[in-house]
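# Structural overview
Listed below, chain by chain, are the residues.
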Amino acid sequence: MAESTARRADPLRVGLVGLGEVGQHHLRGYLSTDRARVVAVADLSAELTAAAAGRTGARACSHWMDLLADADVEAVDVSLPHDLHLAATLAALESGRHVLVEKPLGLTVGECDRMIEAARRADRVLAVSHNQVFFAPHVAAVDLVRSGAVGRPMMTRLRLGIGGRYPGWRLDPAQAGGGLLYDAGVHRFYMAREIMGDPVAVTARTDVAAPGLESEGSGVVVLEHGDGSFAVIDANYLNPSGTFDDRIEIAGDAGLIDLAGCEAAFEGFTNEPALRLWADGAWQVVEAAPMDWSGSVQAAVRDFVDAVLDGRRPRVAGEDGRVVVAMIQAAYESARTGRRVELAEMLGTRVTTEAGA
Ligand SMILES: NC(=O)c1ccc[n+]([C@@H]2O[C@H](COP(=O)([O-])OP(=O)(O)OC[C@H]3O[C@@H](n4cnc5c(N)ncnc54)[C@H](O)[C@@H]3O)[C@@H](O)[C@H]2O)c1
């Protein structure tokens with residue numbers, strides 16, 4: 001969207017689509033700011049819409065298409081299964097609404113292109129909920145890396161160990177777009193990018209890891225930066241039940257950073273210090289603003305609201321979501337073919353917008 005200096009005083013009128021697991025935390029995000037008002041909610045579950053409408057005074061709709069018919073809605077929050085992101089987002093943008101989409105932006109880079117192009121044509125904000133970018137210990141760690149506290153970052157290790165697969169549509173690759181890497185794994189890819197920048201090439205191995213599954217349940221991904229630095233993602237669904245490990249370790253030539261995990265803390269898997277820095281021969285705990293996983297989702301929501309009302313680029317724009325989808329697609333392509341896949345190959349022709357140019 002074209003940047004503007006205008007700062008709007010009245011609240012953004014939001015329609016919330018999808019009130020499932022993450023939609024509940026989006027709702028909390030809108031309720032946490034007086035810069036937004038939830039005017040309509042949509043979910044196929046009448047129970048969920050009645051509860052949300054009761055809390056907010058919003059109009060209750062069933063299908064997301066019914067919500068788009070409400071002229072009062074000027075921004076749409078899409079917290080739907082992955083295969084519905086494209087249709088709901090395109091329709092919202094084409095009817096002149098700003099959109100925040102949950103991760104991953106789309107099922108393919110081509111889908112992302114269509115959404116980015118629709119936002120450009122409509123001159124509307126398209127933001128992606130890469131919530132862990134807003135997690136306060138992650139923000140502090142990225143600031144430390146950028147300020148040179150670890151020297152040159154050479155190796156970032158990002159873990160994802162979950163005890164048991166998510167149920168429902170996430171088990172169906174046609175709806176989810178893939179397996180573990182495409183679902184919860186997205187957070188690892190965008191955090192690797194936050195810390196290390198865009199990789200030049202991706203190499204991966206994946207496995208279904210358990211009988212009866214259609215998509216991968218374990219995988220190792222090497223993101224190569226072309227200057228001797230790497231990020232490595234290891235992910236599996238076969239941790240013991242009740243565990244959730246999403247630790248990040250950053251090794252630089254002058255220091256180390258240890259992040260105990262965003263959802264790991266929220267799920268009660270760890271109570272270790274959220275952020276530690278090894279420098280000058282010792283580990284030290286670095287204090288970050290108190291925040292949990294839900295708080296990071298709510299912060300992503302507030303950034304979207306502020307971006308629309310203040311006429312600025314969101315912290316995570318459609319173009320960012322597109323690069324992250326390309327990174328995961330490159331990992332799948334590498335796992336399928338056994339070859340090292342350059343990111344540029346997956347990105348193909350870049351869609352140019354004022355924000356991404
Ligand atoms: N950022 C995070 O940490 C995080 C965590 C969980 C999920 N997610 C993402 O959020 C999105 C939703 O995942 P979820 O776990 O909340 O799923 P979910 O299944 O819990 O909720 C999805 C909701 O969408 C509703 N829905 C389906 N079709 C609809 C339609 N046509 N119209 C209106 N409502 C419809 C369903 O009834 C359901 O309540 C996905 O993109 C997922 O990857 C992100």
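Here the structure is a predicted model, which is why all the values come from computation and not from measurement. (Residues numbered from 1 in each chain as written. Predicted model: local features only at pLDDT ≥ 70, side-chain atom pairs only at ≥ 80, totals over all residues. Heavy atoms only, no water.)

With that settled, the discussion passes to the nonpolar core. The biggest cluster of nonpolar side chains holds 84 residues, and the ones touching the most others in it are Leu67, Leu126, Phe189, Val221, Leu223 and Ile257. Among the elements that line this core, the one with the most residues is helix α11 (residues 318-337), at 9 residues. Both domains that furnish three or more residues to this core are identified here as domain 1 (12-132 + 296-316) and domain 2 (136-290). With residues up to four places along the chain from it excluded, the contact list for leucine 126 reads Thr89, Leu93, Val99, Val101, Leu105, Met115, Ile116, Ala119, Pro314, Val316, Ala317 and Gly318. Judged by nonpolar contacts, the second largest core, of 20 residues, contains Val14, Val41, Ala52 and Ala58. (Core = buried A, V, L, I, M, F, W, Y, C linked by side-chain atoms within 4.5 Å. Buried < 20%, exposed > 50% of the residue type's maximum accessible area, 1.4 Å probe, protein only. Helix = DSSP H or I, 4+ residues; strand = E, 2+ residues; numbered from the N terminus. Domains from an automatic or database assignment. Contact = heavy atoms within 4.5 Å.)

Pairing is possible between side chains of opposite charge, provided their charged atoms come close. Scanning the model with the defined rule gives 30 salt bridges in all. In this structure, arginine 193 engages aspartate 320 in a salt bridge whose closest nitrogen and oxygen atoms are separated by 3.2 Å. On the criterion of sequence distance, the pair formed by arginine 193 in helix α8 (residues 186-196) and aspartate 320 in helix α11 is long-range, its members being 127 residues apart. What makes aspartate 320 buried here is its relative accessible area of 14%. (Salt bridge = Lys/Arg side-chain N within 4 Å of Asp/Glu carboxyl O.)

One frequently used descriptor of interface size is the decrease in accessible area upon assembly of the parts. Partitioning the protein into domains gives domain 1 (12-132 + 296-316) and domain 2 (136-290). Computed from C-alpha coordinates alone, the two centres of domain 1 and domain 2 are separated by 26 Å. With 15 residues of domain 1 at the contact, the number on the domain 2 side is 20 residues. Considering only the side of domain 1, the residues that lose the most area to domain 2 are His82, Lys103 and Gln132, jointly responsible for 46% of the buried surface there. A salt bridge links arginine 315 to glutamate 194; the shortest N-O distance between them is 2.7 Å. (Buried area = accessible area lost by both parts, 1.4 Å probe.)

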